[in-house]
Amino acid sequence: MRDCRSTPGRAGQGRDSVPFPLTQNHLADATGLTAVHVNRTIQSLRLDGLADIKHNARIPDWNALAEAGDFDPDYLQMAVRPKKQFPFQLTESNAAFAAQN
């Protein structure tokens with residue numbers, strides 16, 4: 001959604017809004033929250049001037065929204081690689097195979 005903010009809006013839409021066809025029930029189901037909680041959160045975002053979500057989602061100030069949500073962009077850059085655990089003893093022949101995968 002953030003990438004969409006730099007695209008020109010359609011007639012009647014600002015540059016900072018994108019179509020948002022999801023309902024509050026969709027959001028509640030996707031996040032495991034109740035529709036009431038989603039509704040109150042959206043109302044809070046609207047009252048704080050951070051987001052307006054109806055048929056379009058409008059984020060007037062991405063930095064303010066990121067700050068309010070304690071967003072840390074560094075987590076996107078983390079290179080986490082799970083440790084491989086093998087159910088067998090590594091030998092010289094299968095170690096080469098494991099190194100390739």
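Before reading on, note that the structure itself is shown above.
Residues numbered from 1 in each chain as written. Predicted model: local features only at pLDDT ≥ 70, side-chain atom pairs only at ≥ 80, totals over all residues. Heavy atoms only, no water.

A. Geometry of the overall build of the protein chain. For the protein chain, the helix and strand inventory stands at four helices and three strands. Ordering the α and β elements of the protein chain from the N terminus gives β-α-α-β-β-α-α. Taking all 101 residues of the protein chain together, the buried fraction comes to 15%. Excluding contacts between residues fewer than 6 apart, the proportion of contacts in the protein chain whose partners are at least 24 apart in sequence is 34%. When the accessible surface of the protein chain is summed, it comes to about 8,400 Å², and 54% of that surface belongs to carbon and sulfur atoms. (Helix = DSSP H or I, 4+ residues; strand = E, 2+ residues; numbered from the N terminus. Buried < 20%, exposed > 50% of the residue type's maximum accessible area, 1.4 Å probe, protein only. Contact = heavy atoms within 4.5 Å. Areas by Shrake-Rupley, 256 points an atom, 1.4 Å probe, with all protein chains shown as cover.)

B. A look at the side chain of Ser-17. By the element assignment, Ser-17 lies in strand 1 (residues 17-19). Assessed through its relative accessible area of 9%, Ser-17 is described here as buried. Apart from the residues within four sequence positions on either side, Ser-17 is in contact with Asn-56, Ala-57 and Arg-58.

C. Structural detail: the environment of Val-36. As for its position among the elements, Val-36 is in helix 2 (residues 35-47). On the basis of relative accessibility, which here comes to 48%, the residue Val-36 falls in the partly exposed class. When the C-alpha positions of Val-36 and Asn-25 are compared, they lie 9.0 Å apart, and in sequence the two are eleven residues distant.

D. How the structure looks around unusual backbone geometry. A positive phi angle, close to 50°, is found at Asp-70, a residue other than glycine. Looking at where Asp-70 falls in the secondary structure, it is placed in the loop between helix 3 (62-68) and helix 4 (92-100).

E. Just the sheet that holds strand 2 (residues 52-53), in detail. What the three strands build is an open sheet, ordered 1-3-2; its pairing is antiparallel. Whereas interior strands pair on both sides, the edge strands pair on one side only; in this sheet they are strand 1 and strand 2. Inspection of the sheet shows strand 1 paired to strand 3 (residues 56-58) by three bridges, in the antiparallel sense. Along strand 3, the bridge assignment pairs Ser-17 with Arg-58. (Pairing = 2+ DSSP bridges.)

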